Amino acid sequence: MASPQQSYSVAEERSGHCAAMDQHCLYVWGGYVTIEENEVYLAKDEIWVYDSECGLWKVHFTDGDLPPSMSGSCGACLNGKLYIFGGYDDKGYSNQLYYMDLHSGSGVFTWKHVKNFQGKPPTPRDKLSCWTYKDWLIYFGGYGCRRHSELGDCFDVHDASWEEQMFWGWNNDIHVFDTEKQAWIQPEVKSTPPQPRAAHSCAILGNKGYVFGGRVLQTRMNDLHFLNLDTWVWSGGIQITGVKPRGRSWHTLTPIGEEHLFLFGGLSAESVPLSDGWIYSLSASEWKQLTHLDKDQPRLWHTACLGKDSEVFVFGGSKDDLLSLDTGHCNDLLIFQIQPYSLLRLCLDAIGKNVSILENQISCLPMKLLEQAKKRITYWTATAFRQSRKNPVCEVNNET
């Protein structure tokens, strides 16, 4: 077990970063912070890993074809690999794809730049989203740039440089990267797609990819759509029974179980940072607000990933309106318990919280259970140590 001093290391505060869950580990890369009113992109050769079983952070230095330091990139895990696409840095928008093998066996994290591929990649953009389905990375939306010859119905123009024939705006096109064939594909979608947007959120349930909210021009939306990933047919706007969440951007949407989505945070149409949480039921086609969440922990441009015990891990982001006051970047980890824990998990946590009482009995556990118990002991020791130091990094469990 690690000592409390070892567990005190935490990932740097940031917004606009990438995060993805693989097995029981959360991987965090990129993003930016604000230092003396300047946006500073975080180190491109670092990746932070949070082990959800023992509650410890560890930083790894990476090598290989390093991506540029960026914000607004889209990260996703598929078949044991972390993929990073798009983003924005001082040179502009990107449409490059990178990946690293998380299980190489060497203990070294090596980036690879995907250069040899078939097909045509999306135009450069950031603040887009991704579904993983079969061996595909399926990208939707985002804000970016296009040349005059690339304009079409799937792009809403925001600004233009006529001299350079370059246009900036919002996208609603679909692009698929087949990781097995190393090929970009743009499927022919049917029916009415969502309006072009960026800083929206996506989640997948079964063979349907859901989209909620996002921004276009000065509008922040609260519409919900899905795309059938087998037939490429859009649902059109889903009719909702009852109340709806407020329109927002820079929020997250996380799949829970087989038919629920968890919406958290974002920035409202009135530029108010939000801390509300909502559950969408597919069968009832309705949203229900979670009334017990802390109101003093707003987050926007954060990340949210589903853990193996139906926990949602929300990391980083900002508690300020980034468009007017960009000083509130966070590095705390909020853990939302969306479904009841298993009896095994409850017992292991009871051991971890009461180790001083149970220390003489713990060694009697079977080997497999003993190893699991040691991880939960480390978890709760680390949590208690951080709280005793009044560190801003804390883990808050919210049970629905």
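Model, not experiment: these values are computed from the prediction.

Turning our attention to the overall build of the protein. From N to C terminus, the protein includes four helices and 34 strands. Compactness check: the protein gives a C-alpha radius of gyration of 21 Å against a globular reference of 21 Å for 400 residues, within 12% of the reference. C-alpha atoms of the protein, sized along the principal axes, occupy 75 × 50 × 45 Å. Residue pairs in contact within the protein that sit at least 24 positions apart in sequence constitute 57% of those at least 6 positions apart.

With that settled, consider the packing of aromatic side chains. How two aromatic rings sit relative to each other is given by the distance of their centres and the angle of their planes. Counting across every chain of the model gives 28 aromatic pairs. Each ring, one from Y88 and one from Y93, has its centre 4.7 Å from the other, and the planes form 55°; the classification is tilted. Note on F212 and W287: the rings are 5.4 Å apart at their centroids and 65° apart in plane angle, and the pair reads as edge-to-face. Here F212 is found in strand β23 (residues 208-216), whereas its partner W287 is found in strand β30 (residues 286-290), with 75 residues between them in sequence. For W287, a relative accessible area of 3% puts it in the buried group. These aromatic residues form a ring-pair network of at least three members: W48, Y50, W57, F313 and F315. In this structure, K353 packs its charged tip against the face of W380, placed 4.6 Å from the ring centre. We note R376 situated over the ring of Y379; from NZ or CZ to the ring centre the distance is 4.1 Å.

Our next topic: the pairing of strand β13 (residues 110-113). Judged by which residues are buried, β13 turns out to be one-sided: W111 and H113 face inward and are buried, whereas T110 and K112, on the alternate face, are not. As judged from the two bridges shared by strand β7 (residues 63-64) and β13, these two strands associate in the parallel manner. Residue pairing for β13: G64 is matched across the bridge by W111. In this structure, strand β12 (residues 97-101) lies alongside β13, joined through three bridges in antiparallel fashion. If you follow Y99 over to β13, its bridge partner there is K112.

Quick look at the sheet that holds strand β21 (residues 183-185) now. Strands sit in the order β15-β16-β20-β21 across an open sheet of four strands; the sheet is antiparallel. Every other strand in the sheet has two partners, leaving β15 (129-133) and β21 as the edge strands with one partner each. Ignoring which end each strand starts from, the neighbouring axes of this sheet average 25° apart. Bridging between strand β16 (residues 136-140) and strand β20 (residues 174-178) involves five bridges; their strand directions are antiparallel. Counterpart to L137 in the pairing with β20 is F177.

Sheet strands line up and pair through hydrogen bonds in the backbone, either parallel or antiparallel. Spatially, the four strands line up as an open sheet ordered β22-β23-β24-β25, and their pairing is antiparallel. Each edge of the sheet is formed by a strand with only one pairing partner; in this case those strands are β22 (201-205) and β25 (233-234).

If you check which residues of helix α2 (residues 343-353) are buried, you get R345, L348, D349, I351 and G352. Within α2, the buried residues cover an arc of 155° as seen down the axis, which keeps them to one side. Set apart from the buried face of α2 by more than 90 degrees, the exposed residues are L343 and K353.

Model confidence for the protein is summarised by a mean pLDDT of 92, while 95% of its residues fall at 70 or above. In this model residues 1-7 is a low-confidence stretch, pLDDT under 50, and it forms twelve contacts with partners more than four residues away in sequence or in other chains. Scored below 50 in pLDDT, residues 392-400 makes 38 contacts in the model with residues more than four places away or belonging to other chains.

Looking now at the side chain of N171. Considering the arrangement of structural elements, one finds N171 in strand β19 (residues 166-171). Within the structure, N171 has its side chain in polar contact with the side chain of R125 (distance 3.5 Å). Each residue touching N171, except ones within four places of it in the same chain, is listed here: T123, R125, G141, G142, Y143, G144, R146, C154, F155, P196 and R197.

This part takes up the state of the cysteines. When the sulfur atoms of two cysteines share a covalent bond, that bond is a disulfide. Going through the model one piece at a time under the given rule, you end up with zero disulfides. Take C145: it sits in no disulfide, and the sulfur closest to it among the cysteines is that of C154, at 14 Å. Overall, the relative accessible area of 14% leaves C145 in the buried class.

All right, on to unusual backbone geometry then. Not every positive phi belongs to a glycine, and E36 is a case in point at roughly 50°. Inspection of the secondary structure puts E36 in the loop between β3 (32-35) and β4 (38-41). Taking the relative accessible area as the measure of exposure, E36 reaches 73% and is therefore exposed. Not every positive phi belongs to a glycine, and Q182 is a case in point at roughly 50°. If you trace the backbone, Q182 turns up in the loop between β20 and β21. Judged by relative accessible area, which is 28%, Q182 ranks as partly exposed.

Turning our attention to the pattern of salt bridges. Applying the stated criterion across every chain yields a total of 15 salt bridges. R197 is the partner of D223 in a salt bridge, and the nearest nitrogen-oxygen pair spans 2.8 Å. Here D223 is found in strand β24 (residues 219-228), whereas its partner R197 is found in the loop between β21 and β22, with 26 residues between them in sequence. Residue classification places D223 among the partly exposed positions, given a relative accessible area of 23%. By relative accessible area, R197 is classed as buried at 0%. Ionic pairing is found between E286 and K288, a salt bridge with its closest N-O pair at 3.9 Å. Under the relative-accessibility criterion, E286 is labelled partly exposed at 23%. Judged by relative accessible area, K288 falls into the exposed class, the value being 52%. Connected via shared salt-bridge partners are D309, E311, R345, D349 and R376.

Rules of the game
- Residues numbered from 1 in each chain as written.
- Predicted model: local features only at pLDDT ≥ 70, side-chain atom pairs only at ≥ 80, totals over all residues.
- Heavy atoms only, no water.
- Helix = DSSP H or I, 4+ residues; strand = E, 2+ residues; numbered from the N terminus.
- Rg over C-alpha atoms; globule rule 2.2 N^0.38 Å.
- Contact = heavy atoms within 4.5 Å.
- Phe/Tyr/Trp six-rings, centres within 6.5 Å; stacked < 30°, edge-to-face > 60°.
- Buried < 20%, exposed > 50% of the residue type's maximum accessible area, 1.4 Å probe, protein only.
- Lys NZ or Arg CZ within 6 Å of the ring centre and 35° of its normal.
- Pairing = 2+ DSSP bridges.
- Axes fitted to C-alpha atoms, helices over the stretch in contact; angles between N-to-C directions.
- Arc of directions from axis to C-beta.
- pLDDT = per-residue confidence, 0-100.
- Polar contact = N/O pair within 3.5 Å; in protein donor to acceptor, adjacent residues only side chain to side chain.
- Disulfide = S-S within 2.5 Å.
- Salt bridge = Lys/Arg side-chain N within 4 Å of Asp/Glu carboxyl O.

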